[in-house]
Amino acid sequence: MEKPSAEPEYLSGFGNHFESEALPGALTRGQNSPLKCPYGLYAEQISGTSFTAPRKLNQRSWLYRIKPSVTHEPFHARVPRHERLVSEFNQTTSSATPTQLRWKPVNIPDSGSSTDFIDGLYTVCGSGSSFIRHGYAIHMYAANKSMDGCALCNADGDFLIVPQKGRLSITTECGKLQVSPGEMVVLPQGFRFSVNLPDGPSRGYVAEIFGAHFQLPDLGPIGANGLAAARDFLVPTAWFEENYQPGYTIVQKFGGELFTAKQDFSPFNVVAWHGNYAPYKYDLGKFCPFNTVLCDHGDPSVNTVLTAPSDKPGVALLDFVIFPPRWLVAEHTFRPPYYHRNCMSEFMGLIYGVYEAKADGFLPGGASLHSCMTPHGPDTTTYEATIACGDNSEPFRIGGTLAFMFESYLIPRICPWALESPDLDKNYYQCWIGLRPHFSPHNGVEENGTLTISATGRVA
Ligand SMILES: O=C(O)Cc1cc(O)ccc1O
Ligand SMILES: [Fe+2]
């Protein structure tokens, strides 16, 4: 196991135009691309949106580096091939099923076999295609070894990583980020990064979006404050290493396939950078939840941390939603999530604790998938326990738990290894089978056949 690493320094804000220098005066002034840059650096732009994207959506940064990133040998298909990454979801790569799916937590490979973040990453499901810049993939990872002498560059999309076990110490071209379980990190398309595991064995979830970037949700009637605050998002400060490293490998994820190219220096040679396209992290513990203060169960959209928009107003390519510790105060209300069918598809993961709708079987590090219009809701134990409590309107604090959801309007197809996995819970459906009818035609109805509603809104 490696030594615990200290938190690096960060800049704060969401979508700001940042600037950072690891050496004083390393940033150019007054122009981006002078004939000669300070310290003899090369100027290089990385674009996260097309050059002509509207100004409010336009994302790009300028990196001032010791050598430009183009100085590498040609790309070749990586050997061995990575068999479990998908970025185009069709009948040859994946299958459709409306069944409720749930997976137990995957075992982290033991120290006998060494697996780094790249080897340990595998696609569970997704929709669309990175080639047509529309869709998403949901991956999970289980790794036990730091990436060594190599950096990953994802040409397909942005990664939103949610570690569940073990910290990630991520070196990027913009600097270093340390991400603990309970935090999340976004590594936008195209940045080279390397993942170290300071705690050893590590596991987590990844949403990858094609052709869009995450933004903060609109707050509507909530007002100007609440949910995730822009100032709590942290961006790395410039950090570089100047070393001759023969055989350094750049791994390019391109169309779901991995390609490698050799170079003789570290790609983390950016002495200064400025711009609004950069990796960032966020501590989910800083989220300021809003919810009902009188009755009924609000829709989970109120817990949206970040959203990647589709071209339809208000419809997400992918929402990242959390279920954090909070007070439940609703009166005469079934407080757990309601039973429902959703036109959106819901992939869920659990960072720690017990999820409020599932008393058993949904474990930290596990996952569930309820696709478009697939019915789901609280398991039998949760339903019966809630009803047995009666109309307990005392405020109750749900603590010690953090679940999340990736929700999309595109319907996911599932990868074969996820469907064939020994971790797939074949008995998942059983968690609802015990729900029995409580219907009693003679209760709650007056003799003249109309429902009696009490002043508190309860059926008498
Ligand atoms: O299915 C789930 O558990 C996620 C979810 C939670 C909630 O509080 C309301 C709706 C919903 O889909
Ligand atoms: Fe749901």
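Please read all numbers here as calculations on a predicted model, not as lab measurements. (Residues numbered from 1 in each chain as written. Chains lettered and ligands numbered in written order. Predicted model: local features only at pLDDT ≥ 70, side-chain atom pairs only at ≥ 80, totals over all residues. Heavy atoms only, no water.)

### Quick word on the coordination of the iron ion (ligand 2)
- Looking at the metal site, the iron ion (ligand 2) is ligated by His340 (NE2), Glu346 (OE), Glu346 (OE) and His376 (NE2), spaced 1.9 to 2.5 Å from it.
- One can describe the donor arrangement at the iron ion (ligand 2) as irregular, given that its 6 donor atoms subtend angles of 57 to 164 degrees at the metal.
- One chain supplies every donor for the iron ion (ligand 2), spaced along it as H-x5-E-x29-H. In this pair, His340 sits in the loop between strand S23 (326-328) and strand S24 (345-352) while His376 sits in the loop between strand S25 (367-370) and helix H1 (380-388), placing the two residues 36 residues apart along the sequence. (Donors = N, O, S within 2.8 Å, 3.2 Å for Na, K, Ca; no water. Tetrahedral: all angles 85-135°; square planar, octahedral: opposite > 155°, others 65-115°. Helix = DSSP H or I, 4+ residues; strand = E, 2+ residues; numbered from the N terminus.)

### Digging into the packing of aromatic side chains
- Using the criterion set out here, one finds 22 aromatic pairs in the structure.
- Where Phe14 meets Phe233, the ring centres are 4.9 Å apart and the plane angle is 75 degrees; that geometry is what we call edge-to-face. Residue Phe14 is found in the loop between strand S1 (10-12) and strand S2 (18-21), and its partner Phe233 is found in strand S16 (residues 233-236); the two are separated by 219 residues along the sequence.
- On the basis of relative accessible area, Phe233 is assigned to the buried category, the value being 0%.
- Ring centres of Tyr339 and Tyr383 lie 6.1 Å apart, and the angle between their planes is 55 degrees; this geometry places the pair in the tilted category. On the criterion of sequence distance, the pair formed by Tyr339 in the loop between S23 and S24 and Tyr383 in helix H1 is long-range, its members being 44 residues apart.
- Residue Tyr383 is classed as buried on the basis of its relative accessible area, which comes to 19%. (Phe/Tyr/Trp six-rings, centres within 6.5 Å; stacked < 30°, edge-to-face > 60°. Buried < 20%, exposed > 50% of the residue type's maximum accessible area, 1.4 Å probe, protein only.)

### Section: the pairing of strand S4 (residues 60-65)
- Most of S4 sits inside the fold, with 5 of its 6 residues counted as buried.
- Both strand S3 (residues 42-47) and S4 contribute to a ladder of 6 bridges, which runs antiparallel. Counterpart to Ser47 in the pairing with S4 is Arg60.
- Two strands pair when backbone bridges link them, and S4 and strand S19 (residues 270-275) are joined in this way by 5 bridges, in the antiparallel orientation. Residue Leu63 lies in a different strand from S19, and its bridge partner there is Trp273. (Pairing = 2+ DSSP bridges.)

### Structural notes on the UniProt feature "binding site: homogentisate" (unreviewed entry) in the chain
- Here, the residues flagged by UniProt with the feature "binding site: homogentisate" (unreviewed entry) are Glu346, Tyr355 and His376.
- Tracing the chain through its elements places Tyr355 in the loop between S24 and S25.
- The contact partners of Tyr355, leaving out residues within four places of it in the chain, are Phe323, Pro337, Met348, Leu350, Phe362, Thr401 and Ala403.
- Judged by its relative accessible area of 6%, His376 falls in the buried class.
- Reaching out from His376, the side chain makes a polar contact with the side chain of His340 at a distance of 2.7 Å. (UniProt positions renumbered as here; feature names shortened; annotations may be inferred. Contact = heavy atoms within 4.5 Å. Polar contact = N/O pair within 3.5 Å; in protein donor to acceptor, adjacent residues only side chain to side chain.)

### Some thoughts on the environment of Ile414
- Topologically, Ile414 is positioned in strand S28 (residues 413-414).
- Taking the relative accessible area as the measure of exposure, Ile414 reaches 0% and is therefore buried.
- In the structure, Ile414 is positioned 325 residues away from Phe89 in sequence and 8.3 Å away in space, judged by C-alpha atoms.
- Among residues more than four places away in sequence, those in contact with Ile414 are Ser94, Ser95, Thr97, Leu101, Trp103, Val124, Cys125, Leu369 and Leu419.

### Remarks on the sheet that holds S16
- Pairing within the open sheet is antiparallel, and its 9 strands lie in the order S1-S16-S20-S13-S10-S15-S8-S7-S28. Looking at the sheet topology across the chains shown, the edges are occupied by S1 and S28.
- Pairing geometry for strand S10 (residues 158-165) and strand S15 (residues 202-210), over 7 bridges, is antiparallel. Note that in S15 the partner of Val162 across the bridge is Tyr205.

### Examining the site of ligand 1
- As a matter of local geometry, ligand 1 sits amid His297, Pro300, Phe323, Pro337, Tyr338, His340, Glu346, Met348, Tyr355, His376 and Met405.
- The separation between an oxygen atom of ligand 1 and a polar side-chain atom of His340 is 2.6 Å.
- Within the side chain of Tyr355, an N or O atom sits 2.6 Å from an oxygen atom of ligand 1.
- Relative to its free-state accessible area of 310 Å², ligand 1 is covered by the protein chains to the extent of 97%.
- Partitioning the shell around ligand 1 into residue classes produces 7 nonpolar, 3 polar and 1 charged. (Near = heavy atom within 4 Å. Areas by Shrake-Rupley, 256 points an atom, 1.4 Å probe, with all protein chains shown as cover. Nonpolar A, V, L, I, M, F, W, Y, C, P; charged D, E, K, R; others polar.)

### Re the UniProt feature "active site" (unreviewed entry) in the chain
- Annotation from UniProt places "active site" (unreviewed entry) at His297.
- Inspection of the secondary structure puts His297 in the loop between strand S20 (280-283) and strand S21 (304-309).
- Residue class for His297 comes out partly exposed when judged on its relative accessible area of 26%.
- If we skip the residues at most four places from it in the chain, His297 touches Thr333, Phe334, Arg335, Pro336, Pro337 and Tyr338.
- Polar contacts involving the side chain of His297 include one to the main-chain carbonyl oxygen of Arg335, which spans 2.9 Å.

### Things to note about the confidence of the model for the chain
- For the chain, the average pLDDT comes to 95, and 95% of its residues sit at 70 or higher.
- Throughout residues 451-460 the model reports pLDDT below 50, and contacts reaching past four residues in sequence, or to other chains, amount to 16 contacts.
- Per the prediction output, this complex has pTM 0.95; the corresponding ipTM is 0.99. (pLDDT = per-residue confidence, 0-100.)

### Re the environment of His332
- Summarising the element assignment, His332 is placed in the loop between S23 and S24.
- On the accessibility criterion, His332 (29% relative accessible area) is partly exposed.
- Along the backbone, His332 and His76 are 256 residues apart, and their C-alpha atoms lie at a distance of 63 Å.

### Topic: the sheet that holds S3
- Strands sit in the order S2-S19-S4-S3 across an open sheet of 4 strands; the sheet is antiparallel. Whereas interior strands pair on both sides, the edge strands pair on one side only; in this sheet they are S2 and S3. For this sheet the average axis-to-axis angle between neighbouring strands, irrespective of direction, equals 20 degrees. (Axes fitted to C-alpha atoms, helices over the stretch in contact; angles between N-to-C directions.)

### Focus on the nonpolar core
- Counting residues in each nonpolar core, the largest one holds 66 residues, and the members touching the most others are Leu160, Leu306, Phe320, Phe347 and Phe406.
- Counting residues in hydrophobic clusters, the runner-up holds 24 residues, among them Leu85, Cys150, Leu152 and Phe193. (Core = buried A, V, L, I, M, F, W, Y, C linked by side-chain atoms within 4.5 Å.)

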